[in-house]
Amino acid sequence: MPGVLPAGEPVPTDGALPASARPAVGDRGFGVYVHVPFCASRCGYCDFNTYTADELGGGVGREGYADTVLAELALAARVLGEAPPPRVDTVFVGGGTPTLLPADDLARILDAIDRTWGLAGDAEVTTEANPESVTPASLKELRAAGYTRISLGMQSAAPGVLAVLDRRHSAGRATAAALEARDAGFDHVNLDLIYGTPGERTEDFAASLDQVVAAGVDHVSAYALIVEDGTRLAARMRRGELAYPDDDVAADRYLAAEAALDAAGFSWYEVSNWARTPAARCRHNLLYWTGGDWWGLGPGAHSHVGGVRWWNVKHPTAYAGRLAAGESPGLAREVLTRDEAHMEDVMLRLRLATGLPLAVLDDAGRAAAARAVAEGLLAAPAHAAGRAVLTLRGRLLADAVVRDLLS
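Residues numbered from 1 in each chain as written. Predicted model: local features only at pLDDT ≥ 70, side-chain atom pairs only at ≥ 80, totals over all residues. Heavy atoms only, no water.

Examining the overall build of the protein chain
Of the regular secondary structure elements, the protein chain holds 16 helices and 15 strands. Its C-alpha atoms give the protein chain a radius of gyration of 21 Å, near enough to 22 Å, the size a compact globule of 407 residues would have. Structurally, the protein chain occupies a C-alpha span of about 55 × 50 × 45 Å along its principal axes. Among the 407 residues that make up the protein chain, the fraction classed as buried is 51%. For the protein chain, restricting intrachain contacts to residue pairs at least 6 apart in sequence, the fraction spanning at least 24 positions comes to 72%. (Helix = DSSP H or I, 4+ residues; strand = E, 2+ residues; numbered from the N terminus. Rg over C-alpha atoms; globule rule 2.2 N^0.38 Å. Buried < 20%, exposed > 50% of the residue type's maximum accessible area, 1.4 Å probe, protein only. Contact = heavy atoms within 4.5 Å.)

Overview of a nonpolar patch on the surface
A cluster of nonpolar side chains, namely Leu-255, Leu-392, Leu-396 and Leu-397, defines an oily patch on the protein surface of about 280 Å² accessible area. With respect to the helices and strands, the residue Leu-396 is situated in helix α15 (residues 392–396). A residue is classified by how much of its surface remains accessible, and Leu-396, at 33% relative accessible area, is partly exposed. (Patch = residues over 30% accessible without salt bridge, like charges linked within 9 Å, V, L, I, M, F, W, Y side chains within 5 Å. Areas by Shrake-Rupley, 256 points an atom, 1.4 Å probe, with all protein chains shown as cover. Salt bridge = Lys/Arg side-chain N within 4 Å of Asp/Glu carboxyl O.)

Focus on the domain arrangement of the protein chain
Each assigned domain of the protein chain is listed with its residue range as follows: domain 1 (11–290) and domain 2 (337–406). With 15 residues of domain 1 in contact, the opposing surface of domain 2 contributes 10 residues. Between domain 1 and domain 2 lies a buried interface of about 1,200 Å² when both sides are counted; carbon and sulfur atoms form 65% of it. Counting the surface domain 1 buries against domain 2, the share from its top three residues, Trp-268, Val-271 and Trp-289, is 44%. Our count for the contact surface shared by domain 1 and domain 2 stands at two salt bridges. Measuring nitrogen to oxygen at the nearest pair gives 3.0 Å for the salt bridge that ties Arg-395 to Glu-258. Mapped onto the side of domain 1 that touches domain 2, the elements with two or more residues apiece are α9 (247–263), β8 (267–270) and α10 (283–289). The dominant element in the side of domain 1 that touches domain 2, judged by the number of residues it contributes, is α9, at four residues. Split into classes, the residues belonging to the side of domain 1 that touches domain 2 amount to 10 nonpolar, two polar and three charged. (Domains from an automatic or database assignment. Buried area = accessible area lost by both parts, 1.4 Å probe. Nonpolar A, V, L, I, M, F, W, Y, C, P; charged D, E, K, R; others polar.)

Things to note about the environment of Gly-199
Mapping Gly-199 onto the fold places it in the loop between β6 (188–195) and α7 (202–214). Gly-199 sits 39 residues away from Gly-160 along the chain, and the two C-alpha atoms are 7.7 Å apart.

Points about the packing of α7 against α9
One can describe the packing of α7 onto α9 by two numbers: an axis separation of 10 Å at closest approach and a directional angle of 30°. With respect to α9, the axis of α7 lies roughly parallel. Helix-helix and strand crossings are classified by hand; for α7 and α9 the assignment is right-handed. Where α7 abuts α9, its residues Thr-202, Phe-205, Leu-209 and Val-213 lie against Arg-253, Ala-256, Ala-257, Ala-260 and Leu-261. Across the contact of α7 with α9, the residue classes break down as seven nonpolar, one polar and one charged. (Axes fitted to C-alpha atoms, helices over the stretch in contact; angles between N-to-C directions. Parallel < 35°, antiparallel > 145°, perpendicular 65-115°, else oblique. Left-handed = near helix turned anticlockwise from the far one by under 90°.)

Focus on the packing of helix α4 (residues 136–145) against helix α6 (residues 173–184)
A pair of packed helices is captured by two measures, namely the crossing angle of their axes and the spacing between those axes. Look at α4 against α6: their axes get within 9 Å of each other, and the N-to-C directions meet at 45°. One element, α4, and the other, α6, form an angle in the oblique class. With respect to the hand of their crossing, α4 and α6 are arranged in right-handed fashion. Contact residues: α4 offers Pro-136, Leu-139, Lys-140 and Arg-143, while α6 offers Ala-177, Glu-180, Ala-181 and Ala-184. Per-class residue counts for the contact of α4 with α6 are five nonpolar, no polar and three charged.

Considerations on the side chain of Glu-72
Here Glu-72 shows up in helix α2 (residues 65–80). Lacking a salt bridge, the buried Glu-72 has Arg-78 as its closest oppositely charged neighbour, with an N-O distance of 10 Å. (Lys, Arg positive; Asp, Glu negative; His and termini not counted.)

A closer look at the state of the cysteines
A full pass over the atoms with the stated rule returns zero disulfides. Free of any disulfide, Cys-43 has its nearest neighbouring cysteine sulfur in Cys-46, separated by 6.4 Å. Between Cys-282, a cysteine without a disulfide, and Cys-46, which holds the nearest cysteine sulfur, the sulfur-to-sulfur distance is 19 Å. (Disulfide = S-S within 2.5 Å.)

A few points about the pattern of salt bridges
Summed over all chains, the structure comprises 21 salt bridges. Where Arg-201 meets Glu-203, a salt bridge forms, and the shortest distance between an N and an O atom there is 3.5 Å. On the accessibility criterion, Glu-203 (48% relative accessible area) is partly exposed. Of the charged contacts, one joins Arg-236 and Glu-241 as a salt bridge, the two residues approaching to 3.1 Å between their closest N and O atoms.

Below, the structure written as C-alpha cells:
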C-alpha cells in the first residue's frame, strides 16, 4: 500500500455511505482487505504505509492491533447495515508484514469477518509474509485458522540483490518457506520477484526463476523495480552510489520471466502475474481489477463500495484514536464519475489476459485498437472476435496502449 494518499472530500464521522452506493453491494464480488502496518525493518525501496518499532516509538504497536481492526469491522457492519454483501468471496491480509502478528490474532480477525458477513464456502483467504517471519508451526496454525493462500516476498535468489534491497532473509529462505507452506496444507502459494535492481545480472534473475519453479509454487508475481521518492534507495541513487534502473534491462527481464514460466507450465493472467492453473489465480486481486467491492481495514487502507472509494488515516496512532472515539478512521473519499470509472475499467482490464470488449471503447478508442493490432501490440484473433488483448510486445508497452485507447 503506497504511502502517499490522494486528496478527496471528507468522510462523515460515522462513515455513512451515499444511498447510491448501497443497493448493489457485492454484485460484482465482495472482499475484505486487512492492512497490517508493521515491519521488523524497512526495505530501502519501500514507500508503503509501514512502520518499524523504532518509527512508532511509544505509539500503537502490534499488541492490541487486532482489537483495533475488529473495531473498524464493527463500524463497517453498521455502515452497510441493511445492505450487507451477500458473502465475502476473498480476504487478503497485507502490509507490512502481517505474520509479525501472532497467528492467534490473524485467526481472530478472520473469524470476526466470517461472523460479521459470512465467508463464502470457497472463499480465498490470503496472507502476505516475509520468509523469515514464518515457521512450519506458525504456517500450520494459519492454515488451521482458515487461511488458504500465502504470498511470500522472495524478491531475488541473489544475495547481492537482496542486500541492495535491504531484505533480511537469506537467499534460500523464501523457497524453503514456500515448501513449508505446501507441507502445512496451503492450497496456493505465491512467490514475489523484483527485477531490474542495480547490480542484478542476467544470471541472477535466471537463478531466481529457476528457484521459483523448483519450489513447486502455483503462482508467481514479478515486478520491475520502481524507485519511489523519499526512499533510502532513491537517496542512494541521487548520490551516485547506485545506478538507476534501465528500461531495456527491465524489458529483457520480463521476457526472461515469460519464457521461463511458460516453459514451466505457468500462464500469464495479468501483466505481472502468472499461475499454473485458473484456480491458482489470485481472486482477490481479480476482484480489484474487475470492479468488485471491498472494505479495507487498517491505517491507510483503501475501500471501494458501489462506486465510492475512500481511504483511512495513515498513522496507526491516529487510526486507533478515531476508532476509540467511535468515529470512522476514513480520511477522505471520492465518488467516481462515469468517465472515471470507465477509464479505470479500461486501464485495469486491458492488463488481464482476457482483455476487454472493444464495445466499451468509443470510436477513437476502437480506431486506436485497430492501429495497435497493426503494430503488434494487440492480438489480431482476439480483435477479430471483438476483444482487445495484449500481445507479449503489448505487455511491455501496456501503459502506452492504454493511453492510446483512452485518448
